[in-house]
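So you can see what is in the structure, the chains are spelled out below.
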Amino acid sequence: MADTTPDTMLDPLEPEYDFLVIGAGPAGLMAALTLALEGAARTGAGKPYRIALTDKRDPWREPVACAEAVHRARLESLVREVEPAWVRGPVDGAIFVSPDGTPVQFGQKDTGYLIDRAVMHRRLAEQGRERGVHCNFRARVTGVSRLENGFRTVTYTVPGEETPRTTRARVVLDCGGPGTGFAEDENIIQGNFDVEPAVFALVRGPKYPVNYIQMFFGRNYAPGGYAWLFPRDEHVANVGLVVGRDYAHEAPARQALKTFLETTYPGSEILTFQGGAIPCGYPDAPLAVDNLYKAGDAANMVHPLSRAGILEAMTGGKYAALAALETIRLDQERDRAPHYAAYKEKWDKAYGLGHRRIARIKKAFMEVPDATFDRAAHALAKLPPEKQTLGRILLTTLWQSPMLLWKMRSLFLSK
Ligand SMILES: Cc1cc2nc3c(=O)[nH]c(=O)nc-3n(C[C@H](O)[C@H](O)[C@H](O)COP(=O)(O)OP(=O)(O)OC[C@H]3O[C@@H](n4cnc5c(N)ncnc54)[C@H](O)[C@@H]3O)c2cc1C
């Protein structure tokens, strides 16, 4: 019988599914929900699709490895309702801090949300489950076979059992996060490109405006990346940093964060300290093959500079599910291929092409000397706050760095 305890979801996995989603992060939750909602619309009064959503752990287990900032309107466009409990608070602007500590503040009311991912994950899982999705959050997938006789066999382990179990599915959606390694020998994206280390701590003590996110640029903070303070509430903030892949040896992320905390927020209380990986380049590889789809971090969908990946993953999961609903009844790969292409095209239009352009200038941006950021910040700091728009901040920084300006021509001149 299905486990109905509120703290986990342990629906026993059946021997066969139409769709099996690996990973219940933003990509997988959105994929499973889309399959349930859109699948029901397509099957009508007929036999409903059998859908499984697996994870190796409860996706609401805290702390979720994330700073939890999202663009408000984009989140609202992806889900039926942003429930009040998902929102820690509004983001009304950002404070950019230059290497010598000069802050530049720009405001834009209601531009974003700081969300409570744990709550959002749980609700999205519940919504899927209410629509018939089998959720098992103690199933660690260890292998996905090639497509044979219309099915892929999925091997998984459960706690306390040595022998792996198997199930099979007509379509598998790998939403398992960075570099899951499934189908490494097939022609499909792997989510292992330009992977950067990121670490964060939940910290009590620093003083900050609760509706502003803060970002610190400079080699002294986080070479090749940036450090951040994103409020959780008025008492606790998520303080973290991401280091560029090329700099990870020179500045190990954990050590960099310890130094950042000691120097920028001395005396603050560290409640938890955790790391993660961010795959944030644009490898331009197929997103699907033989009824295996990849979405989210498993498909390298993170923005190369901001390192935002939540809405990107949700969008990818949704598009992958829509394409999967088209290919499930098609026997021939040549008939499925146009739907794979449509999935990639939609992704590219929404985010991918932008990511490709940004990825091209990323290295130049990472090499901007600290003195350039400082000069730009000093110039901007003289302006009244209402004149500090994001465009002006970008232009002023570019103006201080002709080399970056030259390299950024690719943003405007090519697709
Ligand atoms: C420190 C840090 C801060 C970040 N801050 C932000 C931010 O503020 N805003 C933003 O937009 N993005 C942020 N990101 C990026 C964002 O967190 C990711 O891009 C996003 O979570 C990707 O969602 P996903 O569903 O693809 O993968 P994930 O969220 O990684 O979810 C994958 C799920 O798959 C499960 N899983 C993995 N392997 C298996 C397996 N073998 N079997 C079963 N289950 C498996 C995992 O347990 C997990 O629940 C941050 C990332 C990090 C590391």
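How each quantity is defined
- Residues numbered from 1 in each chain as written.
- Predicted model: local features only at pLDDT ≥ 70, side-chain atom pairs only at ≥ 80, totals over all residues.
- Helix = DSSP H or I, 4+ residues; strand = E, 2+ residues; numbered from the N terminus.
- Rg over C-alpha atoms; globule rule 2.2 N^0.38 Å.
- Buried ≥ 20, exposed ≤ 12 C-beta atoms within 10 Å, placed from the backbone.
- Near = placed C-beta within 6 Å.
- Nonpolar A, V, L, I, M, F, W, Y, C, P; charged D, E, K, R; others polar.
- Domains from an automatic or database assignment.
- Core = buried A, V, L, I, M, F, W, Y, C linked by C-beta atoms within 7 Å.
- Contact = placed C-beta atoms within 7 Å.
- Expected span 1.5 Å × (residues − 1).
- Arc of directions from axis to C-beta.
- Pairing = 2+ DSSP bridges.
- Axes fitted to C-alpha atoms, helices over the stretch in contact; angles between N-to-C directions.
- Parallel < 35°, antiparallel > 145°, perpendicular 65-115°, else oblique.
- Left-handed = near helix turned anticlockwise from the far one by under 90°.

Draft legend 1. Spatial organisation of the overall build of the protein. Helix and strand counts for the protein stand at ten helices and 16 strands. Relative to its length of 415 residues, the protein is compact, with a C-alpha radius of gyration of 22 Å against a globular reference of 22 Å. For the protein, the C-alpha atoms occupy an extent of roughly 65 × 45 × 40 Å along the three principal directions. The buried share among the 415 residues of the protein stands at 45%.

Draft legend 2. View of the site of the ligand. Among the 38 residues in the neighbourhood of the ligand, the closest are listed as G23, G25, G276, G296 and G309. Where the shell around the ligand is concerned, the elements lending two or more residues are α1 (26-43), β3 (69-71), β7 (140-144), β10 (195-204), β14 (269-279) and α5 (310-327). Top contributing element to the shell around the ligand by residue count: α1, with three residues. Class assignment for the residues of the shell around the ligand results in 20 nonpolar, eleven polar and seven charged. Two domains share the shell around the ligand, each providing at least three of its residues, namely domain 1 (16-61 + 119-193 + 281-363) and domain 2 (73-115 + 195-279).

Draft legend 3. Local environment of unusual backbone geometry. The linkage connecting E62 with the following residue, P63, adopts the cis geometry, with an omega of -10°. With respect to the element layout, P63 can be found in the loop between β2 (51-54) and β3. In this model, N149 sits at a positive phi of 50°, which is unusual for a non-glycine residue. Within the fold, N149 resides in the loop between β7 and β8 (152-157). Of note, the phi angle at N300 is positive, near 55°, even though the residue is not glycine. Positionally, N300 belongs in the loop between β16 (292-294) and α5.

Draft legend 4. Seen up close, the nonpolar core. F19, A31, L173, L241, A295 and A324 are the most contacted members of the largest nonpolar core, which totals 113 residues. No other element matches α5, which puts ten residues into this core. If we ignore the near neighbours within four places in the chain, the residues touching L241 are V199, Y221, A222, G225, Y226, A227, W228, A253, A256, L257 and F260.

Draft legend 5. Geometry of helix α7 (residues 370-381). The terminal C-alpha atoms of α7 lie 16 Å apart, and with twelve residues this matches the ideal 16 Å at 1.5 Å per residue to within 8%. Residues of α7 that are buried include every one of T372, F373, A376, A377 and L380, and no others. Down the axis of α7, the smallest arc covering the buried residues is 130°, so these residues share one side.

Draft legend 6. Just the environment of K56, in detail. Within the element layout of this structure, K56 appears in the loop between β2 and β3. Measuring from C-alpha to C-alpha, the distance between K56 and A24 comes to 8.9 Å, with 32 residues separating the pair along the chain. When near neighbours in sequence (up to four residues on either side) are disregarded, K56 contacts A139 and R140.

Draft legend 7. Expanded view of the pairing of strand β4 (residues 87-97). Where β4 lies against strand β5 (residues 103-115), nine bridges are found, and the strand directions are antiparallel. In the sheet register, A94 faces β5, and the bridge partner there is F106. Taking the residues that link successive antiparallel strands as the turn, the β4-β5 hairpin has five residues, and the phi of G101 there is positive, at about 95°.

Draft legend 8. Quick look at the environment of P84. You can see P84 is positioned in the loop between α2 (72-78) and β4. The sequence separation of P84 and E16 amounts to 68 residues, and the corresponding C-alpha distance is 37 Å.

Draft legend 9. Looking closely at the packing of α1 against helix α3 (residues 117-130). Two elements in contact, α1 and α3, have axes separated by 9 Å at closest approach and are oriented at 25°. Put simply, α1 runs roughly parallel to α3. The handedness of the crossing between α1 and α3 comes out as left-handed. The segment α1 lies against α3, with L29, A32, L33 and A36 engaging H121, L124, A125, Q127 and G128. When grouped by side-chain class, the residues that make up the contact of α1 with α3 number six nonpolar, three polar and no charged.

Draft legend 10. Representation of the packing of α5 against helix α6 (residues 333-366) in the model. Interhelical geometry of α5 versus α6 gives an angle of 160° and a closest axis separation of 9 Å. Classed by the angle they form, the pair α5 and α6 counts as roughly antiparallel. When the axes of α5 and α6 are compared, the crossing they make is right-handed. Residues E312, T315, G316, Y319, A320, A323, E326 and T327 of α5 pack against R336, H339, Y340, A342, Y343, K346, W347, A350 and Y351 of α6. Among the residues forming the contact of α5 with α6, the class breakdown is nine nonpolar, four polar and four charged.

Draft legend 11. Structural detail: the pairing of strand β1 (residues 16-22). Burial within β1 is extensive, with six of its seven residues counted as buried. When β1 meets strand β9 (residues 165-174), the two strands line up parallel, connected through six bridges. Each residue of the ladder has a partner; that of L20, found in β9, is V172. One ladder, built from four bridges, connects β1 with β2; its direction is parallel.

Draft legend 12. Looking closely at α1. Compared with the 26 Å implied by 1.5 Å per residue over 18 residues, the 25 Å span of α1 between its first and last C-alpha is a close match. Along α1, the residues that are buried comprise P26, A27, G28, L29, M30, A31, A32, L33, T34, L35, A36 and G39. Following α1 by one or two positions, G44 adopts a phi angle in the positive range, close to 55°.

Draft legend 13. Summary view of the domain arrangement of the protein. For the protein, the assigned domains read domain 1 (16-61 + 119-193 + 281-363), domain 2 (73-115 + 195-279) and domain 3 (367-413). Residue-level contacts link 13 residues of domain 2 with twelve residues of domain 3. With four residues, β5 is the single largest residue contributor to the side of domain 2 that touches domain 3.

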